[in-house]
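Residue-level listing of the chains:
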Amino acid sequence: MTLGLFGGFGIELEYMVVDRRTLAVRPIVDLLLRHFAGQTTGDFDDGAISWSNELALHVVELKTNGPAPTLRGAAAEFQRSVGRLEAALAGMDAMLLPGGMHATMDPSREFQRWPHDYAEVYGAYDRIFDCRGHGWSNLQSCHLNLPFADDAQFGRLHLAARALLPLLPALAASSPFCDGRYTGWCDHRLRVYRHNQARVPRIAGAVVPEPVTSRAQYFREILEPIWADIAPLDPDGLLREEWLNSRGVVAKFFRDALEIRVLDVQECPAADLAICALVTAALQALCAERWTSLANLAALPTEALAAVLWQVAERGEQALVDHPGLLQALGLPARALPAGELWQRLAAAVLPDAGTVDPALVAPLRTVLTQGPLARRMLARVGTEPSREALRELQLELAECLARGVMFEGRSK
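Residues numbered from 1 in each chain as written. Predicted model: local features only at pLDDT ≥ 70, side-chain atom pairs only at ≥ 80, totals over all residues. Heavy atoms only, no water.

**Q** It is not clear to me how unusual backbone geometry should be interpreted in this structure. Could you clarify?
**A** A negative phi angle is the norm for most residues apart from glycine, just as the trans form is the norm for most peptide bonds. If you check the backbone angles, Y118 has positive phi at about 75° while not being a glycine. For Y118, the position within the fold is in the loop between helix 3 (107–110) and helix 4 (119–129). In this structure, D130 is a non-glycine residue whose phi angle is positive, near 60°. Among the structural elements, D130 can be located in the loop between helix 4 and helix 5 (134–137). D130 sits in the partly exposed class, given a relative accessible area of 35%. (Helix = DSSP H or I, 4+ residues; strand = E, 2+ residues; numbered from the N terminus. Buried < 20%, exposed > 50% of the residue type's maximum accessible area, 1.4 Å probe, protein only.)

Okay, structure coming up:
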C-alpha cells in the first residue's frame, strides 16, 4: 500500500547487550533471538514491534513491525517489548544498555561480527573498512522513517529533512563519553560515524545530503557515483544497494521512505518517540512551506548546513546557530540563536498544545527542551573528568532508565 507524506511512521531503536555486572558487551544477540524463535534467525516479530540483528553481535534493533499509522502508543509498545527482552537477558546475566555509545568499550578487543544470515555482506564491510572501530561497532541510533508517494512528495520531504538535519543533535545527542573519557563532543557518535567509511568518502558525503528532488536525480547524483567508487573494492557487487549510502538522511526507494539517521538513541523509548514527534511536526511545517518556499530550502548550501551540523554535534543545545538562511527557513529572526532556544521556539510554533502529541510524550519532551539532550544531563551528573567507576555507575543508571521506561535526570544525586 502506497503511503503519502506523514501517512505512516517507522521507528528503529538500537541497544547494546551488556553484562549485568561488568557492563562489558555481550555478543549473544543470536542466542537471544534463538531463545524466542526456537531457531537461529536474524529477526523475530513481537506483535507491533519486531527485533533484528545488526552488524555487531552485541547489538539488537527494535522497530515498528511495518509502518505505524500514528506515533501515539508507540512508546508503550516499545517499552513492553524492551521488557520481554530484559526478562530473557536476565537469565543470561545480561541486560540492554541505551545511549549513543558505550563509554568504556574497546572495539578492537570486544567486537564480534554477526556470523549468520547476511554474513557475506557484513564480511564485505569488514574487509573494506575494518569494523573494529567505534564508528562501526560502538554506536546506537534511532532511525525515523517517513513515507512518500511520488517524486513530488519525495522532493518536498527530502528538502525539509536536509534543512532540519543539522539541528537534531541539540535534541538527541547522547554520546559525550568514549574510551573512558569525555570526548569534548555531545554527539561523539556522529563524529566517528562521519569518518567510518573514509576509504570511500562519497558514501557519507557531507552527511547532510545534496538538495536532490527526484528519484532519477538521486540515482544519478548520489547512488551511482557511490557505486562507481566502491566497485574496485567490491568486485562481487555485494554492496551495490541503496543502503550503502550513509548520509544522515537517506532515501529508501525500495520502500518509498526517507530515513533520518542522525538521532542518537535515548535512555528510554518515550524519550526517542518524544523527539521523533517534535521532529515530525517541524518537518510537516517545512513541507507545507509554512515559513519559506521549497526553492529557498533547495538553495541552502550543503557545506553551510554541514558546518552547522558539526557545531551542534559538538556543543549540543548550547551551539550558536547563526546561518541566516536556515533561521529564516524556520520562521526565526536572522540572528544568532542557541540551538536549544531554537528548538523551544519551534516546539511552541508546531506543537501549540499538548493534545497534538501522545500525552505520554509531553513530559519527556519537556525534559529534553528544558534540561537539554541526554548528553548534557550525563555531563551534569559526572562532569568532564569522570572516573571509570563514575562512568560505570552512570551507565547502570541509564540501563535502569531503559528497563523502567523513565527519563534520566542530570542533577547530581
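Additional details are given in the paragraphs that follow.
**Q** What should I look at first to understand the packing of helix 1 (residues 29–37) against helix 2 (residues 74–90) in this one?
**A** Any two packed helices are characterised by how steeply their axes cross, that is the angle between the axes, and by the distance between the axes. At a minimum axis distance of 11 Å, the contact between helix 1 and helix 2 shows a crossing angle of 110°. The angle between helix 1 and helix 2 falls in the class roughly perpendicular. On the side of helix 1, the interface is formed by L32, H35 and F36, while helix 2 contributes R84, L85, A88 and L89. Grouping the constituent residues of the contact of helix 1 with helix 2 by class yields five nonpolar, one polar and one charged. (Axes fitted to C-alpha atoms, helices over the stretch in contact; angles between N-to-C directions. Parallel < 35°, antiparallel > 145°, perpendicular 65-115°, else oblique. Contact = heavy atoms within 4.5 Å. Nonpolar A, V, L, I, M, F, W, Y, C, P; charged D, E, K, R; others polar.)

**Q** Sorry if this is basic, but what is going on with empty space enclosed by the protein here?
**A** Empty space left among the atoms is revealed by rolling a probe the size of a water molecule over them. With the rule as written, the count across this model stands at one cavity of 30 Å³ or more. By volume, the largest cavity amounts to about 40 Å³. P98, G99, M101, A103, S174, S175, P176, F177, M378, Q395 and L398 together form the lining of the largest cavity. (1 Å grid on protein atoms, 1.4 Å probe; cavity = no way out; pocket = protein on both sides within 12 Å on 5 of 7 lines; lining within 4 Å. Points joined across faces, edges and corners; volume = space filled by probe spheres on them.)

**Q** How do you make sense of the pattern of salt bridges when you look at a structure like this?
**A** Any two side chains of opposite charge can pair if their charged atoms end up close together. Applying the stated criterion across every chain, the model contains 25 salt bridges. Here E61 makes a salt bridge to K63, at a shortest N to O gap of 3.6 Å. Judged by its relative accessible area of 4%, E61 is buried. Of the charged contacts, one joins E317 and R376 as a salt bridge, the two residues approaching to 2.9 Å between their closest N and O atoms. Taken together, the residues E317 in the loop between helix 12 (302–315) and strand 11 (320–321) and R376 in helix 16 (residues 374–382) connect sequence positions 59 residues apart. Using a relative accessible area of 14% as the deciding quantity, one classes E317 as buried. Assessed through its relative accessible area of 18%, R376 is described here as buried. One continuous salt-bridge network, built from bridges that share partners, spans E12, K252, R255, E259 and R261. (Salt bridge = Lys/Arg side-chain N within 4 Å of Asp/Glu carboxyl O.)

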